[in-house]
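# Working through the structure, step by step
Okay, here's what each chain looks like letter by letter:
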Amino acid sequence: MKELIRTSDPVTIAIATALLSGEDIDCFELDVHMSVLEGSIGILPRRLMVHERDLFRARAVLKDNDIELPD
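Let me sum up the structure you'll find in this document. (Residues numbered from 1 in each chain as written. Predicted model: local features only at pLDDT ≥ 70, side-chain atom pairs only at ≥ 80, totals over all residues. Heavy atoms only, no water.)

## Some remarks on a negative patch on the surface
- Where like charges cluster on the molecular surface, the negative patch consists of Glu23, Asp24, Asp26, Asp64 and Asp66.
- Tracing the chain through its elements places Asp26 in the loop between α1 (10-22) and β2 (27-30). (Patch = residues over 30% accessible without salt bridge, like charges linked within 9 Å, V, L, I, M, F, W, Y side chains within 5 Å. Areas by Shrake-Rupley, 256 points an atom, 1.4 Å probe, with all protein chains shown as cover. Salt bridge = Lys/Arg side-chain N within 4 Å of Asp/Glu carboxyl O. Lys, Arg positive; Asp, Glu negative; His and termini not counted. Charge placed at Lys NZ, Arg CZ, Asp CG, Glu CD. Helix = DSSP H or I, 4+ residues; strand = E, 2+ residues; numbered from the N terminus.)

Take a look at the structure:
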């Protein structure tokens, strides 16, 4: 799996997950439960992972919907 996006904004993760699901692209969120360790202050980013074969298409879907991606 490849990292698609890394953010501490749970809304961005939720929107990205919904968009990818709508395009039948499987994704998996990592570091969801790290907030327990950090005290729920939201400084540790979450990562959204996709299969390597879906990476190009997933990046295109998010860019088309104005979600910022790392270079």
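We are not done yet, so read on.
## Details of the side chain of Asp54
- Note that Asp54 resides in the loop between β3 (46-50) and α3 (55-64).
- Once residues lying within four places of it in the same chain are set aside, the contact partners of Asp54 are Ile25 and Asp26. (Contact = heavy atoms within 4.5 Å.)

## Focus: the sheet that holds β3
- The sheet built from 3 strands is open, its strands ordered β1-β3-β2 with antiparallel pairing. Unpaired on one side and paired on the other, β1 (2-7) and β2 mark the two borders of the sheet. Between one strand and the next, the sheet's axes are offset by a mean angle of 25°, whatever the strand orientation.
- Against the sheet, α1 contacts β1, β2 and β3, and its axis sits at roughly 15° relative to β3.
- Sitting on the sheet, α3 is in contact with β1 and β3, with an inclination near 30° to β1. (Pairing = 2+ DSSP bridges. Axes fitted to C-alpha atoms, helices over the stretch in contact; angles between N-to-C directions.)

## Describing the pattern of salt bridges
- Evaluation of the coordinates by the stated rule reveals 4 salt bridges.
- Ionic pairing is found between Glu29 and Arg46, a salt bridge with its closest N-O pair at 3.2 Å. Of this pair, Glu29 sits in strand β2 while Arg46 sits in strand β3; the two residues are 17 residues apart in sequence, bridging distant segments of the chain.
- Note on Glu29: relative accessible area 25%, which makes it partly exposed.
- For Arg47, the salt bridge identified is with Asp31, shortest N-O distance 2.8 Å. Note that Arg47 is positioned in strand β3 and Asp31 in the loop between β2 and α2 (34-38), a separation of 16 residues in sequence.
- We classify Arg47 as partly exposed; its relative accessible area is 23%.
- The partly exposed category is assigned to Asp31, whose relative accessible area is 27%. (Buried < 20%, exposed > 50% of the residue type's maximum accessible area, 1.4 Å probe, protein only.)

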